[in-house]
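A look at the structure
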Amino acid sequence: MAEIKEVKLFGMWASPFALRVEWALKLKGIEYEYVNEDIPFNKSEELLRLNPVTKKIPVLVHNGKPLAESMVIIEYIDDTWTEDYSIMPEDPYDRAQARFWAKFADDKCISATFGVFTSIGEAQQKMLQEARDAFQTLEQALCGKQFFGGDQIGYLDLAIGLFAFWMPILEEIVNVSVVDNENAPLLKEWFARILDVDMIKTSLPPRDKMYELSKQRREQFLSGEISRLN
């Protein structure tokens, strides 16, 4: 059993990537200190010292040692606190598949969704089709299961869970439909299912506050004031 001497998470209240890590910590029952960063305009000196390579959140500090990148952190949490709840699948093949789909979600689904959110006109329509295609492909990993992890929330659910909350907000802001009952019905059902899990829904930021920030960020992207979220 790993002794908890110090667990600190550097994030930002609206960051879906920091929320991934929070969900993992809560699934494991790990107590932690949360440091809310002012992203992207006023990052703390401590954050820059802990993550000098990418200078991004989230950063987990355990016993004075920092780790960056949300999915790397989640695997570390699962490997370090091994009691009670397992986030990663036990079977090596299933673990590899979970990593594959998590990377697909980050590389394809997030990228295309970001493109829809930060573009207009023909460029937006192109990204919208890419996003719809990506989510239809991602749905294959869910077929026949309650959660991506099977009967309980697992690694891939934590990776993709951000879409369940943020996607409807982004769709409302830009007035498009990316994931719906026509193009990705299983995923749409999973959105509702995972948001009904107490640990998930009690960790979410206020929707109205998230909506206003997202709308502001879109305007900043379109004006060129900012180029990334974290």
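In the nomenclature of an unreviewed UniProt entry, the protein corresponds to glutathione transferase from the organism Rhynchospora pubera. Here is the UniProt Catalytic activity (unreviewed entry) comment for the protein, exactly as written: "RX + glutathione = an S-substituted glutathione + a halide anion + H(+)". Per UniProt, the protein has the following entry under Sequence similarities (unreviewed entry): "Belongs to the GST superfamily."

1. Quick notes on the environment of Asp94
By the secondary structure assignment, Asp94 is in helix 4 (residues 92-117). A residue is classified by how much of its surface remains accessible, and Asp94, at 38% relative accessible area, is partly exposed. Here the alpha-carbon distance between Asp94 and Gly149, two residues 55 residues apart in the chain, equals 9.5 Å.

2. Some details on the pattern of salt bridges
Inspection of the entire model under this criterion finds eleven salt bridges. A salt bridge links Arg207 to Glu172; the shortest N-O distance between them is 3.1 Å. A residue pair is termed long-range when its members are at least 10 positions apart, and Arg207 in helix 9 (residues 207-223) and Glu172 in helix 6 (residues 155-174) qualify at 35 residues. Given the relative accessible area of 38%, Arg207 is considered partly exposed.

3. What to know about the UniProt feature "domain: GST C-terminal" (unreviewed entry) in the protein
Per the UniProt record, "domain: GST C-terminal" (unreviewed entry) is found at residues 91-221. Taken end to end, residues 91-221 comprises 72% helix and 0% strand; its first and last C-alpha atoms sit 42 Å apart.

4. A few points about the layout of surface pockets
If you roll a probe as big as a water molecule over the atoms, it shows you where there is empty space left. Approximately 270 Å³ is the volume found for the second largest pocket. Together, 18 residues line the second largest pocket, and Pro89, Asp94, Lys145, Phe148 and Gly149 are the ones closest to its centre. Secondary-structure elements contributing two or more residues to the lining of the second largest pocket are helix 4 and helix 6. The leading source of residues in the lining of the second largest pocket is helix 4, at four residues. Of the residues that constitute the lining of the second largest pocket, the class distribution is ten nonpolar, six polar and two charged.

5. A short note on the sheet that holds strand 2 (residues 33-36)
The pairing of strands in a sheet happens through backbone hydrogen bonds and is either parallel or antiparallel. As summarised here, the arrangement of the four strands in space is 2-1-3-4, forming an open sheet in which the pairing is mixed. At either end of the open sheet lies a strand with only one pairing partner, and these are strand 2 and strand 4 (65-68). This sheet shows a mean twist of 20° between the axes of neighbouring strands, independent of strand direction. As paired elements, strand 1 (residues 7-11) and strand 2 share four bridges and run parallel to each other. Across the sheet, residue Phe10 finds its bridge partner in strand 2, namely Val35. Its contacts with the sheet put helix 1 (residues 16-28) on strand 1, strand 2 and strand 3 (59-62), and the angle it makes with strand 1 is roughly 155°. The strands that helix 3 (residues 70-80) touches are strand 3 and strand 4; relative to strand 3, the one it contacts most, it runs at about 30°.

6. Some details on unusual backbone geometry
Backbone phi values are negative for most residues with the exception of glycine, while trans is the configuration of most peptide bonds. A cis geometry characterises the amide bond from Ile57 onward to Pro58, with omega recorded as 0°. Position of Pro58 relative to the elements: it lies in the loop between helix 2 (45-50) and strand 3. Even without being glycine, Asn63 reaches a positive phi, approximately 55°. Mapping Asn63 onto the fold places it in the loop between strand 3 and strand 4. Residue Asn63 is classed as partly exposed on the basis of its relative accessible area of 36%.

7. Thoughts on the nonpolar core
In this structure, Ile77, Phe135, Ile160, Phe163, Leu187 and Trp190 are the most contacted members of the largest nonpolar core, which totals 78 residues. For this core, the element with the most residues is helix 6, which contributes 15 residues. Each residue touching Ile77, except ones within four places of it in the same chain, is listed here: Val21, Ala24, Leu25, Lys28, Ile30 and Leu60.

8. Some points on helix 1
It helps to recall that an α-helix has 3.6 residues per turn; residues three or four apart then point in one direction. For helix 1, which comprises 13 residues, the first-to-last C-alpha distance of 19 Å matches the rise-based estimate of 18 Å (1.5 Å per residue) to within 8%. Of all 13 residues in helix 1, eleven are buried, a share of seventy percent or more. Those residues of helix 1 lying buried are Pro16, Ala18, Leu19, Arg20, Val21, Glu22, Trp23, Ala24, Leu25, Leu27 and Lys28. Of the residues one or two after helix 1, Gly29 is the one with positive phi, at around 70°.

What counts as what
- Residues numbered from 1 in each chain as written.
- Predicted model: local features only at pLDDT ≥ 70, side-chain atom pairs only at ≥ 80, totals over all residues.
- Heavy atoms only, no water.
- UniProt positions renumbered as here; feature names shortened; annotations may be inferred.
- Helix = DSSP H or I, 4+ residues; strand = E, 2+ residues; numbered from the N terminus.
- Buried < 20%, exposed > 50% of the residue type's maximum accessible area, 1.4 Å probe, protein only.
- Salt bridge = Lys/Arg side-chain N within 4 Å of Asp/Glu carboxyl O.
- 1 Å grid on protein atoms, 1.4 Å probe; cavity = no way out; pocket = protein on both sides within 12 Å on 5 of 7 lines; lining within 4 Å.
- Points joined across faces, edges and corners; volume = space filled by probe spheres on them.
- Nonpolar A, V, L, I, M, F, W, Y, C, P; charged D, E, K, R; others polar.
- Pairing = 2+ DSSP bridges.
- Axes fitted to C-alpha atoms, helices over the stretch in contact; angles between N-to-C directions.
- Contact = heavy atoms within 4.5 Å.
- Core = buried A, V, L, I, M, F, W, Y, C linked by side-chain atoms within 4.5 Å.
- Expected span 1.5 Å × (residues − 1).

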